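Letter by letter, the chains look like this.
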Amino acid sequence: PAPVSCNLSPDCLSDEERRAFSYFRSRTAHRIFGHRDASNWISILLQLGHSEAPVKHALTALASFHESQEPVDVCVSIRRSEKQAQIMAQMLALKHYTAAIRSIQTESPNMSSRPDITMTLCLLFICFEQFRSGDAACLLHLTAGLRLLYWWRYRTNAYNKLQEYSRPTVDFINNQITPTFQRLRVQFSICMDSRHTLINLGVPLCLPSPKIPSLYPSLDSARNDFDREMNYVFSYLERDQQTSDGQLPSQPPITVLRQWKAALDASDFSAESPILRECTRKLLDLYFYTCSIIAETYNSEFEGIFDHYTDRFKSIVDLAESVTEMWKRESQAFSLLFSFDLGITPPMFHAASRCRHPLIRRKAVSLMLQSPFYHGAWQDRYSGLCAQRMIEIEEQNVGIIVDHINVTENQRIRKVSADLQEEGSQIMMRFIRWPFAPDSPVCTTFVPLTS
């Protein structure tokens, strides 16, 4: 059956859906997509929400759940308690989330010819699960979205296949959906051991490595190339460095990273505002140094290899501290700037969990715990609490920690996933212990959200 069409008329929305669309436009979109990207997404998503039943349900679910996490409006609390209002909003959100998933199942033949709709739903489901739970459910939707994206990119390499899609559909997938999926893939791969999560996607190795120019005309172009480059790096590493025909790709990851950094350093971005230029440069440097560590250590079986990168970890944490200070001084300019966009949390989590120097990793945790920001919809503070628990587990019964060598190899752990429990009072974090292998048993610990 074809998707239910509302002919873009607001009259097809119920009161609860109309309220959710309004909340999405004013609050949720800015939380998720960031200040710079929200306007590009709002009009497209609301239009799809009026014309496509699954998107309508997904938007209603997402905005309703987001609203349930915010302080209750005064006029609402007069009629019912804050807890009652929250429960009702969450029940409404789950009803529409279930309806969105059911719509996909019943309309799957039509959805296969509309990859833009299905990819959009994957993104909205990821956002919903980040608000509601955490890594495990998000990864299911992220994996599905990446598979579909790679399928579409390889399918449309043939011109006659590309002609099956309208120009707006092609532009939407290329210019908005693809960069967002790439950004999410980088965030998840930095924040956990991707060998236990995103490996074996069932798609070809990756898109070709991006062609790096000698310099960049804008910060956005440098940023977009970084996303494409990091997806090349992670898919190269996660597929055991083998293409489908058994040949090594032409560009080793660290080579592509260094080419990109040389182009960034050669660019002056004089058309950008000085504050934005300085902050974004530091953030890009922060991600470059983090991802270069990952590229250089990925195939190591031992966590002790990270002890050779103590100086680089210190530089990473110092850069993050500098960026955070800029955010505090220029709070108006950077209000809700970083969400699906660059933020400090993925690099800080990597530093806190992989650098065993006691002062450096605790400084990284402190920056996450004090951050008022989010990566995606996941609070930076939650990642800080998970990193803090990892430190507690690794340093348990060790005594006074004065250097990384005090945390021996058999005490070290790697995070696999972290998920909010239904009651919202704690995080269930899953991790593996040394020796690290894809079939290592997974351990569980619980992290309270309140001190």
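This section reports on the structure supplied with the text. (Residues numbered from 1 in each chain as written. Predicted model: local features only at pLDDT ≥ 70, side-chain atom pairs only at ≥ 80, totals over all residues. Heavy atoms only, no water.)

## Structural notes on the overall build of the protein chain
Stated precisely, the cut-off is as follows: Only runs of H or I of at least four residues qualify as helices and only runs of E of at least two qualify as strands under DSSP, and these elements are numbered from the N terminus. Exposure classes here rest on a 1.4 Å probe applied to the protein chains alone. A residue is buried below 20% of its type maximum, exposed above 50%, and partly exposed in between. Each accessible area is a Shrake-Rupley estimate made with a 1.4 Å probe; only the visible protein chains count as cover when residues are assessed.
Helix and strand counts for the protein chain come out as 16 helices and five strands. When the 451 residues of the protein chain are sorted by exposure, 57% land in the buried category. Carbon and sulfur atoms form 52% of the exposed surface of the protein chain, whose accessible area is close to 19600 Å².

## Here's the deal with the pattern of salt bridges
Defined as follows: Note on definitions: salt bridges are taken to be side-chain nitrogens of Lys or Arg within 4 Å of carboxyl oxygens of Asp or Glu.
Under the counting rule described, the total for this entry stands at 27 salt bridges. One salt bridge in this structure joins D227 and R223, with 3.3 Å as the shortest N-O distance. With D227 and R223 both in helix α10 (residues 219-238) and four residues apart, the pair spans about one turn of that helix. Where E303 meets R414, a salt bridge forms, and the shortest distance between an N and an O atom there is 2.5 Å. Taken together, the positions of E303 in the loop between α12 (274-297) and α13 (310-329) and R414 in strand β3 (residues 413-420) put the pair 111 residues apart, joining distant regions of the chain. Here the salt bridges do not stand alone but share partners, grouping E303, R354, R356, R361, R362, E394, E395 and R414 into one network.

## Some details on the nonpolar core
For clarity, the threshold we go by: Among the buried residues, those of types Ala, Val, Leu, Ile, Met, Phe, Trp, Tyr and Cys that are joined through side-chain atoms within 4.5 Å form a nonpolar core. Any pair of residues with heavy atoms lying within 4.5 Å of one another is described as a contacting pair.
Ranked by size, the top nonpolar core spans 51 residues in total, and within it F24, L59, L62, M119, L142, I177 and F181 carry the most contacts. For this core, the element with the highest residue contribution is helix α1 (residues 15-51), accounting for 13 residues. For F24, the residues in contact, after removing those within four places along its chain, are A29, F33, L45, L46, L59, L62 and A63. Grouped together as the second largest cluster of nonpolar side chains are 41 residues, L283, I316, A352 and Y382 included.

## Let's talk about helix α11 (residues 253-266)
Worth spelling out the cut-off: Expected helix span is given by 1.5 Å per residue-to-residue step, counting one fewer step than there are residues.
For α11, which comprises 14 residues, the first-to-last C-alpha distance of 20 Å matches the rise-based estimate of 20 Å (1.5 Å per residue) to within 8%. Along α11, the residues classified as buried are P253, I254, V256, L257, W260, K261, A263 and L264.

## Some thoughts on the packing of aromatic side chains
In this description, a pair of aromatic rings is defined by centroid distance and the angle of the planes. Threshold: Each pair of aromatic rings taken from Phe, Tyr and Trp, with Trp reduced to its six-membered ring, is defined by centres within 6.5 Å and is described as stacked if the planes are under 30 degrees apart, edge-to-face if over 60, and tilted in the remaining cases.
Taken as a whole, this structure holds 10 aromatic pairs when the rule is applied. Where F306 meets F313, the ring centres are 6.5 Å apart and the plane angle is 45°; that geometry is what we call tilted. Classification of F306 by relative accessible area gives buried; the value is 3%. By relative accessible area, which is 0% here, F313 ends up buried. Three or more aromatic residues joined by ring pairs form one cluster here, namely F226, W260, Y287, F288 and Y289.

## Focus on helix α16 (residues 380-395)
Between its first and last C-alpha atoms α16 spans 23 Å; for 16 residues at 1.5 Å apiece the expected length is 22 Å, and the two agree. Counting buried positions over the 16 residues of α16 gives 13, a clear majority of the element. Positioned one or two residues after α16, N397 has a phi angle of 60°, which is positive.

## Side note on the environment of M230
Among the structural elements, M230 can be located in helix α10. Of the residues examined, M230 reaches a relative accessible area of 0% and is grouped as buried. In this structure, the C-alpha to C-alpha distance between M230 and F288, residues 58 residues apart in sequence, is 9.3 Å. In this view, M230 contacts V186, L257 and C291; residues no more than four positions away in its chain are not counted.

## Description of the pairing of strand β4 (residues 426-433)
Here is the rule we go by: In this description, strands pair whenever DSSP reports at least two bridges between them.
Pairing of β3 with β4, which is carried by seven bridges, proceeds in the antiparallel orientation. Looking across to β4, one finds that A418 is bridged to M429. Bridge count for β4 against strand β5 (residues 442-448) is seven bridges, and the pairing is antiparallel. Bridge pairing links M428 to F446 in β5.

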